Amino acid sequence: MTSVCFVVPSWHYWTNPLKLQPMWEMYYATVCQAHFDRDDARVVIEDLRGHAADSLSEAVSDVGEHDVYAYWIMKTGDSVEIANIVSLIRDRHPAGKHVAGGTHVDMLPEECANVFDAIIVGPGENSFKQIVEDTRSGRLEKVYEQPYREVPFTDTPFPDRSLLPVDRVVNPLLFEQYGGVPATSLYFSRGCVYKCAFCVYNVPSYLQVRSREMMRDEIQYLKDGYGVKGLNFRDEVAIHPNAKISTTMFEVLGEADIVWRGQTTTVATYEQLKQARDSGCLELSIGVETVDDQVMQIIDKAWQTESQIRSFMENAKKLGIRIKMCLIFGLPGEPPDIVERSIRFIEETEPDYISLSGFCPVPGSPIFNNPEQYGIKFIDRDWAKHAHLLYRFSDEEEVGLPFEYEAETQWGKAFSREQIKENIRQTQRWLETREMVY
Ligand code: SF4
């Protein structure tokens, strides 16, 4: 029998890492579990969420011996910790093979091939199964690659949540602002059609949507088995731009009599928002990113205009859907008065919540690939610094802004790293006093 262990890192940069669920580890563990007979393979998830980064070696000492240790690295900020986990497990259990996929691996395959025994480029549905087969036959290859086009996600089995204890799957915190109903995360689609210059999460470059049956079955499973009453969509674009597809989702959700929240683009129409509200939508996050038109153009998000953002927000407000506006400070081409203008925009448009991040030139993004074009003179390659949660929870945080602009760029004088930090710190505190951050 082959023993497979999916390992979830600590996610130490969140105040409460248990609030969100390790979706891709659960997806791919489920796919492997469904593919092999119980006698052929045993699949488990070792969930290290919540362990302090400095107690990692203690946490890893509890990880048992397995033939395959699997990782799905969505955030570059996790990659250093995962490399440490690999090394700690190798010391204790040298025979196990370590394999990884995910956005970080897609973006930096050569570097990752030096850390892991095998890497996955593209989706994991078939590659993980093949890796288990090849480990059994002693023919593990270095790279497993498959285009997303060949794995449509439509009927990928939904995650078997029994791979984790119930309290690590369902919690009231996701809907804390709405009475704390028992809730969990899920995906109805993966990918994104846009190409924002700071982003790497648009993989695949189009939206792969779950089938109506899968949507319905997963919700029923969560309601029946876990008493779930709230759903937190992790899709990059929860409201599909194609009205026919979004209507399917709204119909399924409406029938389920459940509440939900998610992130989407400001392209969604009034009609779609109305359907969303009628299907139980309480809150939508939108990637406004910046209030400056020039910056919006530089980051290749000019498909989103100020009037579009304002009209989306007015529509949502009319319908009673709360809005969480996501902003990024430190983007290329920011004007000197970005703090004042952002605050003015927030006061005028009155979103319910704000998520403010510091810009991070994530490996593989257009800005990371061509830093000079964006006036960046230095990018720190210590990936542990590549998370973008600066000063979200306290003044002491120091994760993020792993880069520096030239003093003068083609757009004029750029902010120094210290100035960007100060802009974020000031604005975070302003938001906090207004209770706009959670
Ligand atoms: S930031 Fe959002 S809209 Fe832009 S490419 Fe990334 S996922 Fe798509």
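Quick caveat, the model's predicted, so the values are computed rather than measured. (Residues numbered from 1 in each chain as written. Predicted model: local features only at pLDDT ≥ 70, side-chain atom pairs only at ≥ 80, totals over all residues. Heavy atoms only, no water.)

### Structural notes on the sheet that holds strand β12 (residues 281–289)
Consideration 1: Spatially, β7-β10-β11-β12-β13-β14 is the arrangement adopted by the 6 strands of the open sheet, whose pairing is parallel. Strands at the two margins of the open sheet, each flanked by one partner only, are β7 (183–186) and β14 (353–358). On average, each strand axis in the sheet is inclined to that of its neighbour by 20°, with strand direction left out of account.
Consideration 2: Here β12 runs beside strand β13 (residues 322–329); their pairing, made up of 6 bridges, is parallel. Counted as the bridge partner of Glu-283 is Arg-322 from β13.
Consideration 3: On the sheet, helix α14 (residues 417–433) packs against β13 and β14 and is oriented at approximately 165° with respect to β14. (Pairing = 2+ DSSP bridges. Helix = DSSP H or I, 4+ residues; strand = E, 2+ residues; numbered from the N terminus. Axes fitted to C-alpha atoms, helices over the stretch in contact; angles between N-to-C directions. Contact = heavy atoms within 4.5 Å.)

### Concerning the sheet that holds strand β3 (residues 68–72)
Consideration 1: Strands sit in the order β2-β1-β3-β4-β5-β6 across an open sheet of 6 strands; the sheet is parallel. Strands at the two margins of the open sheet, each flanked by one partner only, are β2 (41–47) and β6 (143–145). Direction aside, neighbouring strands of the sheet carry axes that sit 20° apart on average.
Consideration 2: Judged from the 2 bridges that link them, strand β4 (residues 97–101) and strand β5 (residues 118–121) form a sheet pairing that is parallel. Bridge pairing in β5 links Val-99 to Ala-118.
Consideration 3: Packing against the sheet, helix α3 (residues 79–92) makes contact with β1 (2–8), β3 and β4, and its axis sits at approximately 175° to β3.

### Describing the domain arrangement of the protein chain
Consideration 1: Here the domain parsing of the protein chain yields domain 1 (2–150) and domain 2 (170–433).
Consideration 2: For domain 1 versus domain 2, the distance between C-alpha centres works out to 27 Å.
Consideration 3: Facing 28 residues of domain 1, the contacting portion of domain 2 comprises 30 residues.
Consideration 4: Approximately 2600 Å² of surface area, both sides summed, lies buried where domain 1 meets domain 2, with 61% of it carried by carbon and sulfur atoms.
Consideration 5: On the domain 1 side of the contact with domain 2, Lys-19, Met-107 and Tyr-148 bury the most area, a combined 21% of that side's loss.
Consideration 6: Inspection of the region where domain 1 meets domain 2 yields 1 salt bridge.
Consideration 7: Our enumeration of links across domain 1 and domain 2 arrives at 11 residue pairs in polar contact (both at pLDDT 80 or more).
Consideration 8: The set of elements that each furnish at least two residues to the side of domain 1 that touches domain 2 consists of α1 (23–35), α3 and α4 (103–107).
Consideration 9: Within the side of domain 1 that touches domain 2, the residues separate by chemical class into 14 nonpolar, 8 polar and 6 charged. (Domains from an automatic or database assignment. Buried area = accessible area lost by both parts, 1.4 Å probe. Salt bridge = Lys/Arg side-chain N within 4 Å of Asp/Glu carboxyl O. Polar contact = N/O pair within 3.5 Å; in protein donor to acceptor, adjacent residues only side chain to side chain. Nonpolar A, V, L, I, M, F, W, Y, C, P; charged D, E, K, R; others polar.)

### What to know about the pattern of salt bridges
Consideration 1: Applying the stated criterion across every chain, the model contains 19 salt bridges.
Consideration 2: A salt bridge links Arg-310 to Glu-348; the nearest nitrogen and oxygen atoms lie 2.7 Å apart. Here Arg-310 is found in helix α11 (residues 306–319), whereas its partner Glu-348 is found in helix α12 (residues 338–349), with 38 residues between them in sequence.
Consideration 3: Residue class for Arg-310 comes out partly exposed when judged on its relative accessible area of 25%.
Consideration 4: Since its relative accessible area comes to 47%, Glu-348 is described here as partly exposed. (Buried < 20%, exposed > 50% of the residue type's maximum accessible area, 1.4 Å probe, protein only.)

### Examining the packing of aromatic side chains
Consideration 1: All told, the structure shown has 22 aromatic pairs when counted by the stated rule.
Consideration 2: Residues Phe-158 and Tyr-221 carry aromatic rings whose centres are separated by 4.9 Å and whose planes lie at 40° to one another, so their mutual orientation is tilted. In this pair, Phe-158 sits in the loop between β6 and β7 while Tyr-221 sits in helix α7 (residues 212–226), placing the two residues 63 residues apart along the sequence.
Consideration 3: Here the aromatic cluster, defined as three or more aromatic residues joined through ring pairs, consists of Phe-6, Trp-24, Tyr-27, Tyr-28, Trp-72, Phe-128, Phe-153 and Tyr-187.
Consideration 4: The ring of Trp-11 is capped by Arg-49, whose NZ or CZ atom sits 5.8 Å from the centre of that ring. (Phe/Tyr/Trp six-rings, centres within 6.5 Å; stacked < 30°, edge-to-face > 60°. Lys NZ or Arg CZ within 6 Å of the ring centre and 35° of its normal.)

### Thoughts on the side chain of Gln-21
Consideration 1: Within the secondary structure, Gln-21 is located in the loop between β1 and α1.
Consideration 2: A polar atom in the side chain of Gln-21 sits 3.4 Å from the backbone oxygen of Val-169.
Consideration 3: For Gln-21, the side chain forms a polar contact with the side chain of Ser-185, separated by 2.7 Å.
Consideration 4: Residues in contact with Gln-21, not counting those within four places in the same chain, are Trp-11, Met-26, Arg-49, Arg-168, Val-169, Asn-171, Leu-174, Thr-184, Ser-185 and Arg-234.

### What to know about α3
Consideration 1: With 14 residues, α3 should reach 20 Å at 1.5 Å per residue; the first-to-last C-alpha distance of 20 Å fits that figure.
Consideration 2: Among the residues of α3, those classed as buried are Ser-79, Glu-81, Ile-82, Ile-85, Val-86 and Ile-89. When α3 is viewed along its axis, its buried side chains cluster within an angular range of 155° and face the same direction. (Expected span 1.5 Å × (residues − 1). Arc of directions from axis to C-beta.)

### A look at the environment of Gly-102
Consideration 1: Here Gly-102 is to be found in the loop between β4 and α4.
Consideration 2: Between the C-alpha atom of Gly-102 and that of Arg-49, which follows or precedes it by 53 residues, the distance is 18 Å.
Consideration 3: Residues in contact with Gly-102, not counting those within four places in the same chain, are Trp-72, Ile-73 and Ile-120.

### What to know about the nonpolar core
Consideration 1: Counting residues in hydrophobic clusters, the biggest one holds 108 residues, and the most contacted among them are Phe-6, Leu-231 and Trp-260.
Consideration 2: Here the element with the most residues in this core is α1; it accounts for 7 residues.
Consideration 3: Looking at which domains feed residues into this core, each of domain 1 (2–150) and domain 2 (170–433) gives three or more.
Consideration 4: When residues no more than four places from it in sequence are discounted, the contact partners of Phe-6 are Glu-25, Tyr-28, Ala-29, Cys-32, Val-43, Val-44, Ile-45, Glu-46, Ala-70 and Phe-128.
Consideration 5: With 21 residues, the next largest nonpolar core counts Val-7, Ala-59, Ile-73 and Val-121 among its residues. (Core = buried A, V, L, I, M, F, W, Y, C linked by side-chain atoms within 4.5 Å.)

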